[in-house]
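In case you want the letters, here they are:
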Amino acid sequence: MKHAPKVSVVITCYNYGMYLPKAVQSVLDQSFKDYEIIVIDDGSTDDTPLVMEQYRPCEKIRSIRQENQGQPKAKNRGIAESRGEFIAFLDADDIWLPEKLELQLKLFKNPDVGVGYTRRYWIDPNGKIIKGNERTLRRGNILNYIFIDNFVCFSTSIVRRELLTLADSFDETLPMGIDYDLWIRLAAQCEFDYVDQPLVKYRTGHANLSRNVIKRYECAEKIMRKNLADPQVRKEMSWWV
């Protein structure tokens, strides 16, 4: 693309070649068209490189393959390669609905909003909509609430680029919970807002996250302690948190 797009869509993929085409197509089907797609193949050993070959003629898509370095480094690579005023994130196994970007960008008419997100549908590994455990969504100054519970679904999020730069993007020392950590840091700097309707199909039941329950809790505690030691976060947080 010759011009800098309004939105850069960052998709990172590690061995999700079976889901990736639907994720990419859901961006191509957006009613809002001023975007670029950056796919970071983080050293996949499945057919992800072959899947991306079919998109080579599309000028809106750039595919970058690197040695496996983990999610935070892959996502930061996507941010570094992007040019948009806004960065939208989409996991390779999730799917956007066609009006997602169009409706969500309206949130940023408020200059205080730095992060926008939406509700979601939950789908099983085969794409069937199932019942999910949606949390209470909040807008405005959400720091007190996001610190206690991460209710922002990653694949629904759009962030102002300038804020990602100020926040140093994703913490590459964290093994998991990188979105939770980022939301806490951004919530200390800006307001959040959301579109009150599901605009993303969030796939669940295929990643075996339950096997890492102990590690997830340990990482969450590490993220909490890290952010409580940050003067900016501590200053903006209420005493009761």
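A quick note: this is a predicted structure, and the numbers were derived from the prediction, not measured.

Peer 1: So what's going on with the environment of Gln-232? Residues and values would help.
Peer 2: Looking at the secondary structure, you find Gln-232 in helix α9 (residues 231-236). Remark: the alpha-carbon pair of Gln-232 and Ala-188, spanning 44 residues in sequence, is separated by 6.7 Å. The contacts of Gln-232, once residues within four sequence positions are left out, are Ala-188 and Gln-189.

Peer 1: I'd like a description of the packing of helix α7 (residues 178-187) against helix α8 (residues 213-228), backed by residues and values.
Peer 2: Helix-helix packing: each pair is described by the crossing angle between the helix axes and the interaxial distance. The N-to-C vectors of α7 and α8 enclose an angle of 20°; their axes lie 10 Å apart at closest approach. Put simply, α7 runs roughly parallel to α8. Along this stretch, α7 crosses α8, giving a crossing that reads as right-handed. Each of Tyr-180, Asp-181, Ile-184 and Arg-185 in α7 lies in contact with α8, whose residues at this interface are Ala-220, Ile-223, Met-224, Lys-226 and Asn-227.

Peer 1: Explain the nonpolar core residue by residue, including any values.
Peer 2: Residues Phe-89, Leu-143, Ile-146, Trp-183, Ile-184, Leu-186 and Phe-192 are the most contacted members of the largest nonpolar core, which totals 35 residues. Elements supplying a minimum of two residues to this core: β4 (86-89), β6 (113-123), α5 (143-146), α6 (161-166), α7, β9 (191-203) and α8. With seven residues, the single largest contributor to this core is α7. Those residues in contact with Phe-192 that sit more than four places away from it in its chain are Val-115, Tyr-117, Arg-139, Gly-140, Ile-142, Val-152, Trp-183, Leu-186 and Ala-187.

Peer 1: Go over helix α1 (residues 20-28), please, and point to the residues and values.
Peer 2: Along α1, the residues that are buried comprise Leu-20, Ala-23, Val-24, Ser-26, Val-27 and Leu-28. At its buried positions, α1 is contacted by β1 (7-13), β2 (35-42), α2 (48-53), β3 (61-66) and β5 (95-96).

Peer 1: Would you mind going over the packing of aromatic side chains in detail, with residue names and values included?
Peer 2: Applying the stated criterion across every chain yields a total of eleven aromatic pairs. Ring centres of Phe-89 and Phe-170 lie 5.5 Å apart, and the angle between their planes is 75°; on these two criteria the pair is classed as edge-to-face. Here Phe-170 lies in the loop between α6 and α7 and Phe-89 lies in strand β4, a separation of 81 residues in the sequence. For Phe-170, a relative accessible area of 2% corresponds to the buried category. Joined through ring pairs, the aromatic side chains of Phe-89, Phe-154, Phe-170, Trp-183 and Phe-192 make up one cluster. The ring of Tyr-202 has Arg-120 lying over it, and the distance from NZ or CZ to the ring centre is 4.6 Å. A cation over a ring is seen here: Arg-138 above Tyr-145, with NZ or CZ 3.9 Å from the ring centre.

Peer 1: Pulling in residues and values, what's your account of a nonpolar patch on the surface?
Peer 2: A surface patch of nonpolar side chains, amounting to about 540 Å² of accessible area, comprises Tyr-145, Ile-148, Trp-239 and Trp-240. Mapped onto the elements, Trp-239 comes out in the segment after α9. A relative accessible area of 81% means that Trp-239 is categorised as exposed.

Peer 1: Give me the side chain of Gln-66: which residues, what numbers.
Peer 2: With respect to the helices and strands, the residue Gln-66 is situated in strand β3. Residue Gln-66 is classed as buried on the basis of its relative accessible area, which comes to 9%. Side-chain polar atoms of Gln-66 contact the side chain of Asp-42, separated by 2.9 Å. A distance of 3.2 Å separates a polar atom in the side chain of Gln-66 from a polar atom in the side chain of Arg-77. If we skip the residues at most four places from it in the chain, Gln-66 touches Ile-40, Asp-41, Asp-42, Gly-43, Lys-73, Ala-74 and Arg-77.

Here is what the cut-offs are and how they apply
- Residues numbered from 1 in each chain as written.
- Predicted model: local features only at pLDDT ≥ 70, side-chain atom pairs only at ≥ 80, totals over all residues.
- Heavy atoms only, no water.
- Helix = DSSP H or I, 4+ residues; strand = E, 2+ residues; numbered from the N terminus.
- Contact = heavy atoms within 4.5 Å.
- Axes fitted to C-alpha atoms, helices over the stretch in contact; angles between N-to-C directions.
- Parallel < 35°, antiparallel > 145°, perpendicular 65-115°, else oblique.
- Left-handed = near helix turned anticlockwise from the far one by under 90°.
- Core = buried A, V, L, I, M, F, W, Y, C linked by side-chain atoms within 4.5 Å.
- Buried < 20%, exposed > 50% of the residue type's maximum accessible area, 1.4 Å probe, protein only.
- Phe/Tyr/Trp six-rings, centres within 6.5 Å; stacked < 30°, edge-to-face > 60°.
- Lys NZ or Arg CZ within 6 Å of the ring centre and 35° of its normal.
- Patch = residues over 30% accessible without salt bridge, like charges linked within 9 Å, V, L, I, M, F, W, Y side chains within 5 Å.
- Areas by Shrake-Rupley, 256 points an atom, 1.4 Å probe, with all protein chains shown as cover.
- Salt bridge = Lys/Arg side-chain N within 4 Å of Asp/Glu carboxyl O.
- Polar contact = N/O pair within 3.5 Å; in protein donor to acceptor, adjacent residues only side chain to side chain.

From the geometry alone we can't say anything about function, so treat these as descriptive.
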